[in-house]
Amino acid sequence: MSSTIPAELRYTQSHEWVRKNPDGTLTIGITDHAQHALGDLVFAETPETGRTVTAGEACAVVESVKAASDVYSPVAGTVLAGNSGLADAPEKINADPYGEGWLWTLKPADASAIDALLDAGGYEKFLAETAE
């Protein structure tokens, strides 16, 4: 199984992706690899608007018929919005993990924090090293 890994995004070893938006905010979701591993998603809970999160903090949950998984904030910041469309259609994460399946937007506490995350090549290498 080959996962899609868009080159313009940053990644974490816990399978979150981060897109830097033109206004400096970040959009965060789970990777194609993660949604494949979880299977068909039946529920998604996004963090509350205004919540302050730290890097590595569990702040969202995605649930499939197989398991529930925490989703961690890749960087510290303040949640601007959760993807309200996922409440009625969590399967958007399976269908379009890097588009309509985004989980939340964040105003980063430190804009340079995403530079420490994996680039597409680094994430691809990490997946290859951890593949069973």
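These remarks concern the structure in this document.

Conventions we followed
Residues numbered from 1 in each chain as written. Predicted model: local features only at pLDDT ≥ 70, side-chain atom pairs only at ≥ 80, totals over all residues. Heavy atoms only, no water. Helix = DSSP H or I, 4+ residues; strand = E, 2+ residues; numbered from the N terminus. Rg over C-alpha atoms; globule rule 2.2 N^0.38 Å. Contact = heavy atoms within 4.5 Å. Areas by Shrake-Rupley, 256 points an atom, 1.4 Å probe, with all protein chains shown as cover. Core = buried A, V, L, I, M, F, W, Y, C linked by side-chain atoms within 4.5 Å. Buried < 20%, exposed > 50% of the residue type's maximum accessible area, 1.4 Å probe, protein only.

On to the overall build of the protein chain. For the protein chain, the helix and strand inventory stands at 3 helices and 9 strands. Listing the helices and strands of the protein chain from first to last along the sequence gives β-β-β-α-β-β-β-β-β-α-β-α. Over its C-alpha atoms the protein chain spans a radius of gyration of 14 Å, differing by no more than 12% from the 14 Å that the globule rule assigns to 132 residues. Across the protein chain, contacts joining residues at least 24 apart in sequence account for 61% of those joining residues at least 6 apart. Approximately 6700 Å² of the protein chain is accessible, and the part contributed by carbon and sulfur atoms is 50%.

Before going further, it helps to examine the side chain of serine 73. Of note, serine 73 is situated in the loop between strand 7 (68-72) and strand 8 (77-82). Ignoring anything within four residues of it in the chain, the contact list for serine 73 reads Val53, Thr54, Ala55, Gly56, Glu57, Cys59, Trp104 and Leu106.

What follows covers the nonpolar core. Ranked by internal contacts, the top residues of the largest apolar core, which has 22 residues, are Ile30, Val62, Val71, Ile93, Leu103, Trp104 and Leu106. Counting residues per element, the ones that place at least two in this core are strand 3 (26-30), helix 1 (32-38), strand 4 (41-45), strand 6 (58-64) and strand 9 (104-108). If we ignore the near neighbours within four places in the chain, the residues touching isoleucine 30 are His15, Glu16, Trp17, Gln35, Leu38, Leu41, Val62, Val71, Ile93, Pro97 and Leu103. Residues Leu9, Tyr11, Ala120 and Leu127 belong to the second largest nonpolar core, which totals 9 residues.

By themselves, these figures tell us nothing about what the structure is for.
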